Amino acid sequence: MSDYDITAANSVFTITVPGLYNTPITLENYAADRAFETTTRDLAETAMSIDGYLNAGWIPTPVRQTISLAASSESGLVFEAIAAAQDAQRGLYRLGAEIQLPSIGRKYTMVRGLLQAVAVMPSAGRVLEARSFEILWERVLPAAL
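Residues numbered from 1 in each chain as written. Predicted model: local features only at pLDDT ≥ 70, side-chain atom pairs only at ≥ 80, totals over all residues. Heavy atoms only, no water.

The chain is annotated in an unreviewed UniProt entry as Burkholderia phage Bcep781 gp03 of Acetobacter pasteurianus NBRC 3278.

Considerations on the overall build of the chain
Heads up, the rule is: Strands here are runs of E lasting at least two residues and helices are runs of H or I lasting at least four, both read from the DSSP assignment and numbered beginning at the N terminus. Accessibility here uses a 1.4 Å probe with only protein chains present; expressed as a share of the type maximum, an area under 20% marks a residue as buried, one over 50% as exposed, and anything in between as partly exposed. Note on definitions: a residue-residue contact is assigned when non-hydrogen atoms from the two residues lie within 4.5 Å. A 1.4 Å probe and the Shrake-Rupley method give the accessible areas. Residues count as covered only by the protein chains that appear here. When charges are counted, Lys and Arg are positive and Asp and Glu negative, with His and the chain ends excluded. Charged groups are reduced to one reference atom each: NZ for lysine, CZ for arginine, CG for aspartic acid, CD for glutamic acid.
When its secondary structure is counted, the chain shows one helix and 10 strands. Ordered by position from N to C terminus, the α and β elements of the chain give β-β-β-β-β-β-α-β-β-β-β. For the C-alpha atoms alone, the extent of the chain along its principal axes is close to 60 × 50 × 35 Å. Taken over 145 residues, the chain has a buried fraction of 29%. Summarising the internal contacts of the chain: among those between residues at least 6 apart in sequence, 62% fall at separations of at least 24. Carbon together with sulfur atoms contributes 54% to the accessible area of the chain, which is approximately 9,400 Å² in total. Side-chain charges in the chain split into 11 positive and 15 negative, and the spacing between the mean points of these groups amounts to 5 Å.

Describing the nonpolar core
Threshold: For this analysis, a nonpolar core means a set of buried residues of the types Ala, Val, Leu, Ile, Met, Phe, Trp, Tyr and Cys, connected via side-chain atoms within 4.5 Å.
Within the largest apolar cluster, 24 residues are counted, with the highest numbers of intra-cluster contacts made by F13, I15, I67, F79 and I135. Of all the secondary-structure elements, those providing two or more residues to this core are β1 (12–17), β6 (63–69), α1 (76–89), β7 (94–101), β8 (106–118) and β9 (131–137). Looking at this core element by element, the count peaks at five residues for α1. Non-local contacts of I67, meaning those with residues more than four positions away in its chain, are made with F13, L27, Y30, A35, F36, F79, R131, S132, F133 and I135.

What to know about the side chain of R131
What counts, and what does not: We call two N or O atoms a polar contact when they sit within 3.5 Å, provided that within protein one can donate a hydrogen and the other can accept it, with sequence-adjacent residues counted only if both atoms are side-chain atoms.
With respect to the helices and strands, R131 occurs in strand β9. Here the side chain of R131 touches A119 through a polar contact of 3.0 Å, landing on its backbone oxygen. Aside from chain neighbours lying at most four places away, what touches R131 is I67, S68, L69, E80, A119, V120, M121 and P122.

What follows is the structure, given as structure tokens:
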């Protein structure tokens, strides 16, 4: 493996939903241009005093992740099932996940997530387009593979 290998093609994304999917499910058939992404996380709350001092404090913030799956992805059924189960019970399931990125020798463990938003069906253009699913994670823990 090259020191310059940054492929995402060999990534492995597994998700668990205790009470619904107790064994890890591997997500497959991502969108071609963007499989998954996270937003930046604010680490500090700041206030500038009137006399020019920057005051700051650490704040806990969640991590928002968007997963994009091809319209034909069977993994979309997993998110549809979670949404349907939540609607039926009028409650939420907590999710767990792990992403392995062998090309950079890293893994990320996602803790106590919530399925927050789903594209209920693929948009249709010349072909069916990718669907997006958003999860809000309590924390993401990086580690070496």
